[in-house]
Amino acid sequence: MPDLVTLTVDDVKVTVPAGTLVVDAAKAAGIEIPIFCSHPKLDPLGACRMCLVEFVGPRGSKLDTACTVRVSEGMTVRTSTEQVKAVREANLGFILINHPLDCPICDKGGECPLQDQTMAYGAGVSQFVEAKRQKQKHYPISDLILLDQERCILCWRCIRYLDEWEDKPQIGLFERGGETVIDTFPGQPVDAATSGNIIDICPVGALTNRVSRFRFRPWELKKTPSVCTLCPVGCNLRLDERVHELRRIVARENLAVNDEWLCDKGRFLHQYVDHPERLRTPLVRDAAGEALRPATWDEALHRVIEKLGDIADTNGANALGGIASARVSNEAAYLFQKFFRALVGANNIDFADGSAVKAQPTGLSAIADIAKSDLIVLVGFDPSEAAPVLDLHIKRAARRAGAKLLVINPRRIALAKYPGAYLPVLPGGEAWDLNGLATALQAARAANQAGSKPAPAPTGKAKLETKVAVMAELRPAYDLLAAAKAPLFIYGPDAARGQLGKLAVTALSNLAVALGFGDRLAYVGAEANSQGARDMGLLSDTLPGHQPVTDAAVRERLGKLWGVQPPAEPGQSYAAMAAGGVKALYVMGANPAATVAGAEALHKLDFLVVQDLFLTETAQLADVVLPATSFAEADGTYTNLERRVQRGPQGIKPAGESQADWAILAALAEKWLASQTVDTGEVSKAIEQPDWKKKRRKIKAGPAPKPWNYPTAQAVLDEIGKAVPPYASLRWDALGEAGVQWSTSALVRAPRRVEPVDVAPIAAAPAGSFTLVSGPLLWDNGPLMPYGAEQVRKLTPTPFVALNPADLTMAALAEGRQVTVTSAYGNVTLTLKADASVQPGTAWVPANLAGAPAETLGAVRGEPVSVAVKLV
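Worth saying up front: this structure is predicted, and the values here are computed from it rather than measured.

Right, let's get into the layout of surface pockets. Rolled over the atoms, a probe as big as a water molecule pinpoints where empty space is left. In this structure, the second largest pocket spans a volume of roughly 1100 Å³. If you trace the second largest pocket, you find 47 residues lining it, with H39, R157, D200, I201 and E260 closest to the centre. Taken together, the elements giving at least two residues each to the lining of the second largest pocket come down to α1 (22–28), α3 (113–121), α4 (157–164), α5 (197–201), β10 (207–209) and β13 (245–251). Along the lines of polarity and charge, the residues of the lining of the second largest pocket split into 23 nonpolar, 7 polar and 17 charged. Three or more residues apiece are contributed to the lining of the second largest pocket by two domains, here domain 1 (4–80) and domain 2 (129–274).

The subject of this paragraph is the sheet that holds strand β38 (residues 842–844). As summarised here, the arrangement of the 6 strands in space is β34-β38-β35-β37-β36-β39, forming a closed barrel in which the pairing is mixed. Taking each pair of neighbouring strands and ignoring which way they run, the sheet shows an average axis angle of 45 degrees.

Across the sheet, 5 strands lie side by side as β2-β1-β5-β3-β4; this open sheet has mixed pairing. Because the sheet does not close on itself, it has two edges, and the strands there are β2 (12–17) and β4 (60–65). Shown here is a sheet whose adjacent strand axes are inclined to one another by a mean of 35 degrees, direction ignored. Summarising the sheet, strand β3 (residues 52–57) and β4 pair through 6 bridges and their orientation is antiparallel. Note on β4: the bridge partner recorded for F55 is K62. Relative to the sheet, helix α2 (residues 82–97) contacts β3, β4 and β5 (76–78), its axis offset from that of β3 by approximately 155 degrees.

Before going further, it helps to examine the environment of E260. Here E260 lies in the loop between β13 and α6 (264–268). Each C-alpha atom, one on E260 and one on L237, is 8.8 Å from the other, the two residues being 23 residues apart in sequence. Aside from chain neighbours lying at most four places away, what touches E260 is H39, K41, N197, I201, A251 and E253.

The next point concerns α3. Turning to α3, its buried residues number three or more, namely L114, Q117 and Y121. For α3, the arc enclosing every buried residue in end-on projection is 70 degrees, short of the 170-degree limit, so these residues lie on one face. Here the buried face of α3 lies against α2.

Moving on, we get to the side chain of D102. Inspection of the secondary structure assignment puts D102 in the loop between α2 and α3. Apart from the residues within four sequence positions on either side, D102 is in contact with K137, D148 and R151.

What follows covers the pattern of salt bridges. Counted under the stated rule, the structure contains 38 salt bridges. Taking the shortest distance from any N to any O, the salt bridge between E737 and R252 comes out at 4.0 Å. Note that E737 is positioned in the loop between α21 (732–735) and β33 (740–741) and R252 in the loop between β13 and α6, a separation of 485 residues in sequence. In this structure, the salt-bridge partner of R475 is D479, at a minimum N-O distance of 3.3 Å.

Here the structure, examined in full by the defined rule, presents 13 aromatic pairs. Both rings, one in W165 and one in W261, keep their centres 5.3 Å apart while their planes meet at 65 degrees; by these two values the pair is edge-to-face. Placement of the pair is W165 in the loop between α4 and β8 (171–174) and W261 in the loop between β13 and α6, with a sequence separation of 96 residues. Exposure remark for W165: the relative accessible area of 6% places this residue in the buried category.

The next subject is the packing of helix α11 (residues 430–449) against helix α13 (residues 498–514). Running from N to C, α11 and α13 cross one another at 25 degrees; their axes reach a closest spacing of 8 Å. With respect to their mutual orientation, α11 and α13 come out roughly parallel. For the crossing formed where α11 meets α13, the hand is left-handed. Residue-level inspection shows E430, A431, L434, N435, L437, A438, L441, Q442 and R445 of α11 in contact with α13, the latter providing L500, L503, A504, A507, L508, N510, L511, V513 and A514. For the contact of α11 with α13, the per-class residue count stands at 13 nonpolar, 3 polar and 2 charged.

The next subject is a nonpolar patch on the surface. On the surface, L45, W156 and L173 cluster together to form a nonpolar patch covering roughly 220 Å² of accessible area. Note that L45 resides in the loop between α1 and β3.

The next point concerns the domain arrangement of the protein. According to the domain assignment, the protein contains domain 1 (4–80), domain 2 (129–274), domain 3 (283–357 + 530–628 + 660–677 + 713–730), domain 4 (370–523) and domain 5 (770–871). Centre-to-centre, using C-alpha coordinates, domain 1 lies 45 Å away from domain 4.

Looking at the protein, the pLDDT average stands at 92 and 94% of residues meet or exceed 70. Segment residues 454–470 is flagged for pLDDT under 50; beyond a separation of four residues in sequence, or across chains, it makes 24 contacts in the model. Throughout residues 683–694 the model reports pLDDT below 50, and contacts reaching past four residues in sequence, or to other chains, amount to 23 contacts.

Phi is positive for L154, close to 60 degrees, though the residue is something other than glycine. For L154, the location among the structural elements is in the loop between β7 (145–147) and α4.

Okay, empty space enclosed by the protein next. Applying the stated criterion across every chain yields a total of 8 cavities of 30 Å³ or more. Computed from the structure, the largest cavity encloses a volume of approximately 290 Å³. In terms of lining, the largest cavity is formed by 24 residues, of which the most central are R327, T629, S630, F631 and D661. Counting residues per element, the ones that place at least two in the lining of the largest cavity are β26 (607–612), β28 (636–639) and α19 (661–674). Here the residues of the lining of the largest cavity sort into 12 nonpolar, 8 polar and 4 charged. Both of domain 2 (129–274) and domain 3 (283–357 + 530–628 + 660–677 + 713–730) provide at least three residues apiece to the lining of the largest cavity. What lines the second largest cavity is a set of 16 residues, and nearest its centre among them are C152, C155, C158, C202 and L207.

Given 3.6 residues per helical turn, the α-helix brings residues three or four places apart onto the same face. Buried residues of helix α16 (residues 574–581): Y574, M577 and A578, and no others. Each buried residue of α16 lies within a common arc of 95 degrees when the element is viewed along its axis, so the set occupies one face. The exposed set on the far side of α16, more than 90 degrees from its buried face, consists of A575 and A579. Looking at the buried positions of α16, the neighbouring elements they touch are β16 (320–324), β17 (349–351), β25 (584–588) and α17 (596–603).

Looking now at the pairing of strand β39 (residues 866–871). Sheet topology note: the strand β34 (residues 770–773)/β39 ladder contains 2 bridges and is antiparallel. Looking at β39, one finds that F770 is bridged to V867. The sheet contact formed by strand β36 (residues 818–823) and β39 spans 4 bridges and is antiparallel. Among the inter-strand pairings, T820 is bridged to a residue of β39, identified as K870.

What counts, and where the lines are drawn
- Residues numbered from 1 in each chain as written.
- Predicted model: local features only at pLDDT ≥ 70, side-chain atom pairs only at ≥ 80, totals over all residues.
- Heavy atoms only, no water.
- 1 Å grid on protein atoms, 1.4 Å probe; cavity = no way out; pocket = protein on both sides within 12 Å on 5 of 7 lines; lining within 4 Å.
- Points joined across faces, edges and corners; volume = space filled by probe spheres on them.
- Helix = DSSP H or I, 4+ residues; strand = E, 2+ residues; numbered from the N terminus.
- Nonpolar A, V, L, I, M, F, W, Y, C, P; charged D, E, K, R; others polar.
- Domains from an automatic or database assignment.
- Pairing = 2+ DSSP bridges.
- Axes fitted to C-alpha atoms, helices over the stretch in contact; angles between N-to-C directions.
- Contact = heavy atoms within 4.5 Å.
- Buried < 20%, exposed > 50% of the residue type's maximum accessible area, 1.4 Å probe, protein only.
- Arc of directions from axis to C-beta.
- Salt bridge = Lys/Arg side-chain N within 4 Å of Asp/Glu carboxyl O.
- Phe/Tyr/Trp six-rings, centres within 6.5 Å; stacked < 30°, edge-to-face > 60°.
- Parallel < 35°, antiparallel > 145°, perpendicular 65-115°, else oblique.
- Left-handed = near helix turned anticlockwise from the far one by under 90°.
- Patch = residues over 30% accessible without salt bridge, like charges linked within 9 Å, V, L, I, M, F, W, Y side chains within 5 Å.
- Areas by Shrake-Rupley, 256 points an atom, 1.4 Å probe, with all protein chains shown as cover.
- pLDDT = per-residue confidence, 0-100.

This is the structure:
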């Protein structure tokens, strides 16, 4: 615990930790010192001089900046003397000399510190009659941010944020004296992934949001605390609504998660919520089967029940399947899997990167542990693109705490520039290198325990020569791992798919266990609620609470809760169902028809139901389309990458007749139950008399599902607490606005131990070909991007393939040309780029671009894929 210091501020004694800034000490005493440049998350600067106060000493008093001076024992500070008041008034006068009087049209008006401080400390009247200096207004410093140089008061906050947090010094001061301006450097617009935070911390209206500009007045907004659902970090944010439209999103402080930052995707991608192409009414395919037409909810749900029931009666329950998105709430994910397990009687449920990925059930121990780690190991995970706020935490740990980074990735990601080591691998080759490191460290540990000199090379004469040769390449990584006192291991889906991915995760676990840090291994999924979807059992082989479907005791416990036990046999995976493994498919929030192969498989289905916000490629093929609400229009909870369960309250009115995903499932289940009659062998008896006329399905006598009675999302969460042991104590009100981490002690799991890994090195692509590499891109063409604002949509690049410049030269290819990229699974036409971060011999095609080129080529299959690149 730090030493305490006692000082006097305006005759009030206050005790604070040593090293506290005077401005913060005064705040602790309830005394406000006005500031502009000072910010609690930025280094002290003292640029604006607004915080000048008197420091009383043995030789009298002197003025100094409260935002740069740290407290000392016995210090005396005066913040409201006549001299201090005069200096503040004069300082505001100088600031306002050239500041435009455009408060009525300024987005900051009504929440502007300059307005507030002028009212509190200003003269009340201006003596300046000369013409004001003219500077650039409406000046774009990026596609998302406009700068008004006339409003800028030169506080340096934007400069310092980009430098201190993003490590991208992309804004600076230019000119001198009264001509000084903030500007970007020539030819370098602001492209930091969290650049929008400079809008929030700007104390005036100099930096404005191009998406939300002139769409609100702060005092007219209804403000709802919520969470972001665009990546697994789960950043806290605030929804600002006016007349039933989402006008703005701003960051909300949660020190355990996002501090007070928000990435640009979470901030600027929100106009899809109010997009005119939102589904607003159910749709059913007409009698001719040619077109979708509007329908009532009753008709649409009746059609779903009738068709699914007929197919199940004819072909069995396993002919039905459900695939979902891990963006949906915990409540929707839980009811989705319950519908299929308890009512349909099948385990055919999954999500993309669900059962195909070997994931640690516990997620990250805590985001705060990043700052406490001396080595951060990233395997198949690129936070800069997949989780920008997590990227901030990692960069902060590297730059401020001296953490080293070990990056194991097929591409040299942006974080590989920090001190540590970069270990290039081919896709699927992670297991080979990780196994080499784990085996070497185990041998060294065994040698240490035996009192002999560590031997980095593993034993085994048959492989000794190969292993020793590989060890030279692994030496930098080995040295980092061997020296680490508090390592943290994080891996993503790109390294964990398929059989090779399972081997890689096992090898990584062995590595962590060999170092004695098996509890500091974390999986970070691709979607916002990937952790929550797994917690809810949205997997073909796993029940709620991360227990296998083969566990009889867990099935019995769920049977008492649901009325019927879930099936004991694992179901089909996402890939199997999307490829035509079932006859009827229920799709919630996913888009398997984004690829040509996926669309062809869905065409062969007997029946397709889609529940979504938009008429996606998959919805266009559906027999019934059910309109769902967005995250901003319904209550729900989401579990982030550190197992923190957070509330997402409804902030705006739903679009049209759309309903929350969980509510649609609850209504569907009620009609499903009402459509059944029990065959007793004598007389058929209705479980519940339906209120519409239709054919009833007979079911065998036996345990009957309990009624689905969920009036609210909170009621669903209450049942989740009974079905998912780690959620037992989690209730809506108890979560508060900061969320609650569920405890790993509630999980039943075997202790981690070293497991044998039998793996061979991955061969390079044949001569004349390249190994396909894929991965996330922040501004991809994901499911919501096409419906964002124009400024956001233009950030998505034209689909491309990137090669190392040396490969371009060797193949006599020119950047910018159109090329055909061909694999064993398909071919696509892309624009060719040169990229030094791409390894020689590999071709990088980002995931989720328009037309799904990476997915068409087979990038998500969990196996090495060779591609040929030829000019069109």
